[in-house]
Structure formats: structure tokens, C-alpha cells
Amino acid sequence: MDNQIDVLRNHYFQAIEFLQFESDIIDALPNPNFFSFFDIMTGLTEKLGQSAEEMEQMLNKESDSELKEYIKEELESYRFKLKVCKELSENAEELCAIERDAEETGKKSFIFATTSSGNIYLEKDLKDIPEEYYHKVISCLKKIEENYKEDNPEHAKSMNSNNKSLAGIHKMKEFKIRVIYRYLTPDIAYIMGVKMKKDSNSNQDIEFNSMRNSHTFNEFQQLKTETKDEVKKMQLIEENERIKNRIINELEINKRGVKGE
Amino acid sequence: MSKSYEVQKQIKNEKGKLLLQKTKLEYSKVIVEVLNNNPQLVEMVKEKMEISDDELWNVLSGKEDSNIVFYDQALEILTHAKRK
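Keep in mind it's a predicted model, so treat the numbers as computed, not measured. Along each chain, residue indices are assigned from 1 in the same order as the chain's sequence is written. Chains carry letters from A onward and ligands carry numbers from 1 onward, assigned in written order. Thresholds applied to this predicted model are a pLDDT of at least 70 for local features of residues and 80 or more for the giving and counting of side-chain atom pairs; totals over whole chains, interfaces and linings are not thresholded and use all residues. Computation of side-chain values: all heavy atoms of the structure, hydrogens and water removed.

## Examining the confidence of the model for chain A
All names here are of chain A.
Argument step 1. For chain A, per-residue confidence averages 86 on the pLDDT scale, and residues scoring 70 or more make up 87% of the total.
Argument step 2. The predictor rates its confidence in each residue with pLDDT, a number between 0 and 100. Secondary structure is summarised from DSSP: a helix means a run of H or I of at least four residues, a strand means a run of E of at least two, and numbering begins at the N terminus for each. Considering each helix and strand of chain A separately, the mean pLDDT is smallest for strand 2 (residues 156-158), with a value of 50, and largest for strand 1 (residues 109-112), with 96.
Argument step 3. Low confidence marks residues 151-157, where pLDDT is under 50. Its contacts with residues over four positions away, or in another chain, come to 15 contacts.
Argument step 4. Here a residue-residue contact requires only that any non-hydrogen atoms of the pair lie within 4.5 Å. Here residues 159-166 is modelled with pLDDT under 50, and outside its nearest four sequence neighbours on either side it reaches 36 contacts, counting other chains as well.

Structure follows, in C-alpha cells:
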């Protein structure tokens with residue numbers, strides 16, 4: 001079976017070598033949702049690097065101008081693929097480092113994801129959550145804040161899915177409630193929203209998460225840059241602390257108890 | 001560049017896409033064979049990959065497409081399990 005995996009990986013590398021158009025290349029490259037991403041990337045960059053070197057040697061030896069142009073284009077294609085692989089690997093390593101550090105770092109601050117018109121997604125989502133579940137939402141938020149870990153790893157899971165963009169997204173669970181978040185830094189959780197869990201409809205959940213991730217992607221990237229500046233980071237934390245307190249106060253006022261679960 | 005070069009590029013790209021799909025099918029075939037012979041490993045794969053039953057079988061049956069790492073991770077898990 002060890003041999004089989006190597007053979008299949010080689011077939012995959014060949015497929016990548018044949019691809020010519022940027023969008024097809026990007027779609028086909030490995031996503032960092034599972035750990036075999038790193039093994040595949042190592043093999044792929046090695047193979048692409050070897051082929052690029054061979055192309056360079058051919059280019060140096062070739063005298064025919066039309067063939068030279070052809071080889072140059074092929075070489076550019078390999079360089080593009082290597083560049084994208086390098087970016088993907090660096091992003092994945094950065095994400096792993098943040099996730100690792102987030103595990104160890106204690107209390108989290110929050111930054112709340114906002115819509116394009118500046119409304120807080122969590123508050124928007126709460127309109128679809130019955131008031132009798134508000135205490136569950138509060139509980140999820142407090143658990144994220146406290147970096148809660150339970151023996152049952154189901155409570156805070158990093159979502160794996162087939163979707164490239166969902167790497168690093170977590171959900172904190174209480175009965176019927178899912179709060180979705182990701183780590184901006186090891187000590188800041190970016191709260192993306194809240195959802196009622198629909199029974200046995202994981203496809204709807206994946207769609208919701210995928211769309212929310214897509215809508216908040218640009219803001220998340222911008223915040224990643226902004227939080228590198230310590231002064232700006234503290235401003236954002238303070239501003240969102242006020243938002244958090246407001247949200248929790250409103251939830252406390254409006255919550256109803258639930259008899260049993 | 002000449003028109004024939006552009007056409008060659010198209011053909012090469014299509015070949016790459018076909019080869020990619022073929023590779024995913026090959027992965028699926030191997031994985032399904034191992035799971036058929038070792039059904040006790042199904043739960044282990046789902047747990048380690050944190051995926052549902054639907055997600056696993058929809059991808060392996062070809063009903064849904066997935067990124068190459070999905071297939072590779074599943075096969076890696078099974079390879080390690082069979083080594084033990």
C-alpha cells in the first residue's frame with residue numbers, strides 16, 4: 001500500500017505538469033485541510049523544480065528561436081506553479097503556527113465579523129435563533145473566550161471539508177447551537193456567526209459556512225494585516241470588547257430558560 | 001505564439017484535467033477496496049478526517065468531487081492502519 005500511495009501521487013504530479021491555465025492549476029493544487037497536504041506539496045515542488053531545471057537546460061542549449069519561445073512559455077508555467085505552491089505552503093505553515101499557538105494561549109479577545117454595510121454578522125444571525133437558545137449562544141462565546149477544551153473533542157472542532165477555503169475554521173458547539181470562528185492571531189478569535197444546527201443536514205451547514213467564509217474573507221485578510229500593528233490591534237480589541245459586552249447583555253436580557261434538553 | 005501552439009496548450013490542459021480526474025478515481029478505487037475488506041476501518045477514517053458518512057461516500061462514489069488531499073489523506077490513514 002505504501003507503494004500505491006507513491007504511484008498515485010506521481011500520477012497527480014503528472015496531471016499538474018500538464019495543466020496550463022492559471023484557474024485550472026489553482027483549483028487542482030492541494031488544499032491545506034488535511035495533513036497530507038505537506039507530504040504532497042513536498043513531492044510536488046520537488047517534481048516541478050526538477051522539470052523547471054530541465055527546461056532551463058533545454059532553453060540554454062536551444063538555438064531555434066521559435067522553439068526557444070515555446071520552451072520559455074513552458075518554463076514560465078513551471079515557475080508560476082512553483083510560486084503558487086510556495087504561497088500555499090507558507091500560508092498553511094502560518095495557519096498551523098497560529099492554530100498551535102492558539103491551543104496554548106489562554107484567554108481570547110474577540111473581533112466580530114461584519115457585513116459590507118458594517119453590521120455584526122452574529123447579531124444578524126441571532127434574529128434566526130429562538131430566544132430560548134440564547135443562553136447556549138452565551139455559553140459558546142464564553143467557552144471560546146476561555147479557550148475551553150473538553151475531553152470530548154467534538155466541542156471545538158476545526159472544520160475539515162472538501163472546500164479549500166474552510167481550513168482553520170472552528171465551531172464551538174452547544175445543544176443545537178454552533179458559533180463559527182477562526183483565529184486571527186493566537187489570542188484573537190474572529191467570530192463569524194452563529195447558526196442553529198439543522199438535524200441531519202450537514203450539506204446546509206457546509207453551504208452556510210462556505211458562504212460566510214467567502215463573505216468575510218476580505219475583511220479577515222485586512223484584519224490580519226492590521227493586527228500586526230500593536231496599537232491598531234489594541235484599538236480593535238477594545239472596540240470589539242464593547243461590542244461583545246453589548247451582545248452578551250442583550251442576550252442575557254432576552255434569554256429564556258429551557259426545561260431539559 | 002502560433003495558433004497551433006495555443007491549440008497544443010488547450011489539449012495539454014485538457015489532458016491534465018482528465019489525468020487529475022483519473023487519479024482521483026484510482027485513489028477512490030484503492031480506498032473503497034481496502035474499506036470493503038476492512039469495514040472496521042470506516043469509522044476510523046471518518047473520525048480522523050472529521051467527516052460524516054455522507055461526505056466520505058459521496059466523494060468516494062464520485063457523486064461529489066474533492067481536493068486531492070481528501071483522497072490522499074484517506075489512503076494515508078488506511079496505509080498506516082494496515083501497517084500496524
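What follows picks up the thread again.
## Some points on the packing of aromatic side chains
Argument step 1. Paired rings are identified among Phe, Tyr and Trp, the last through its six-membered ring, by centres lying within 6.5 Å, and are further divided according to the angle between planes into stacked (under 30 degrees), edge-to-face (over 60) and tilted (the rest). What the rule picks out here adds up to ten aromatic pairs over all chains.
Argument step 2. Ring centres 6.0 Å apart and planes at 80° place the aromatic pair Phe34(A) and Phe70(B) in the edge-to-face group. With one member in each of two chains, Phe34(A) in the loop between helix 2 (22-28) and helix 3 (36-61) and Phe70(B) in helix 4 (residues 68-83) form a pair that bridges those chains.
Argument step 3. Under the scheme applied here, a residue whose accessible area is under 20% of the maximum for its type counts as buried, over 50% as exposed, and between as partly exposed, the area being computed with a 1.4 Å probe on protein chains only. According to the relative accessible area criterion, Phe34(A) is buried, its value standing at 5%.
Argument step 4. Here the aromatic residues Phe34(A), Tyr27(B), Phe70(B) and Tyr71(B) are joined through ring pairs into a cluster of three or more.
Argument step 5. Our definition puts a charge over a ring when NZ of Lys or CZ of Arg is within 6 Å of the ring centre and also within 35 degrees of the ring normal. The aromatic ring of Phe220(A) is capped on one face by Arg182(A), whose charged end is 3.9 Å from the ring centroid.

## Digging into the packing of helix 1 (residues 3-37) of chain B against helix 3 (residues 53-60) of chain B
Residues and elements named next belong to chain B.
Argument step 1. The convention used is that axes are lines fitted to C-alpha atoms, helices contributing only their stretch in contact, and that angles between N-to-C directions extend from 0 to 180 degrees. Look at helix 1 against helix 3: their axes get within 10 Å of each other, and the N-to-C directions meet at 130°. By the angle between their axes, helix 1 is oblique relative to helix 3. Counting all contacts with helix 1, which are made through Ser 28, Ile 31, Val 32 and Leu 35, the residues of helix 3 involved are Leu 56, Trp 57, Val 59 and Leu 60.
Argument step 2. Of the residues in the contact of helix 1 with helix 3, the class split is seven nonpolar, one polar and no charged. Put simply, angles under 35 degrees are roughly parallel, angles over 145 are roughly antiparallel, angles from 65 to 115 are roughly perpendicular, and the rest are oblique. In this classification, Asp, Glu, Lys and Arg are treated as charged, Ala, Val, Leu, Ile, Met, Phe, Trp, Tyr, Cys and Pro as nonpolar, and every other residue, Gly included, as polar.

## Describing the interface of chain A and chain B
Argument step 1. Contact residues are listed per partner, giving 39 residues for chain A and 37 residues for chain B.
Argument step 2. Computed with a 1.4 Å rolling probe, the buried area is the accessible surface lost when two parts are put together, summed over both parts. Across the chain A/chain B interface, buried area totals approximately 3500 Å², and carbon plus sulfur atoms make up 59% of it.
Argument step 3. Salt bridges, as used here, are contacts in which a Lys or Arg side-chain nitrogen is within 4 Å of a carboxyl oxygen on Asp or Glu. Linking chain A with chain B are four salt bridges.
Argument step 4. For Lys9(B), the salt bridge is made with Glu73(A), and the minimal N-O distance between the two is 3.7 Å.
Argument step 5. By the criterion applied in these results, polar contacts are pairs of N or O atoms within 3.5 Å in which, for protein atoms, one can donate a hydrogen and the other can accept it, and in which residues neighboring in sequence qualify only through two side-chain atoms. Taken together, the links from chain A to chain B amount to 13 residue pairs in polar contact (both at pLDDT 80 or more).
Argument step 6. Those elements that place two or more of their residues in the side of chain A that touches chain B are helix 1 (2-18), helix 2, helix 3, helix 4 (65-104), strand 2 and helix 7 (202-226) of chain A.
Argument step 7. Top contributing element to the side of chain A that touches chain B by residue count: helix 1 of chain A, with ten residues.
Argument step 8. A class-by-class count of the residues in the side of chain A that touches chain B yields 17 nonpolar, twelve polar and ten charged.

## Let's talk about helix 6 (residues 134-145) of chain A
Residues and elements named next belong to chain A.
Argument step 1. Helix span, expected: 1.5 Å multiplied by one less than the number of residues in the helix. A rise of 1.5 Å per residue sets the reference length of helix 6, with its twelve residues, at 16 Å; its end C-alpha atoms lie 17 Å apart and thus fit the reference within 8%.
Argument step 2. When you tally the buried positions in helix 6, you get nine out of twelve residues, the bulk of the element.
Argument step 3. Among the residues of helix 6, those classed as buried are Tyr 134, Lys 136, Val 137, Ile 138, Cys 140, Leu 141, Lys 143, Ile 144 and Glu 145.
Argument step 4. Looking at the packing, one finds that the buried side of helix 6 touches strand 1, helix 5 (121-126), strand 3 (169-174), strand 4 (177-185), strand 5 (188-196) and helix 8 (230-254).

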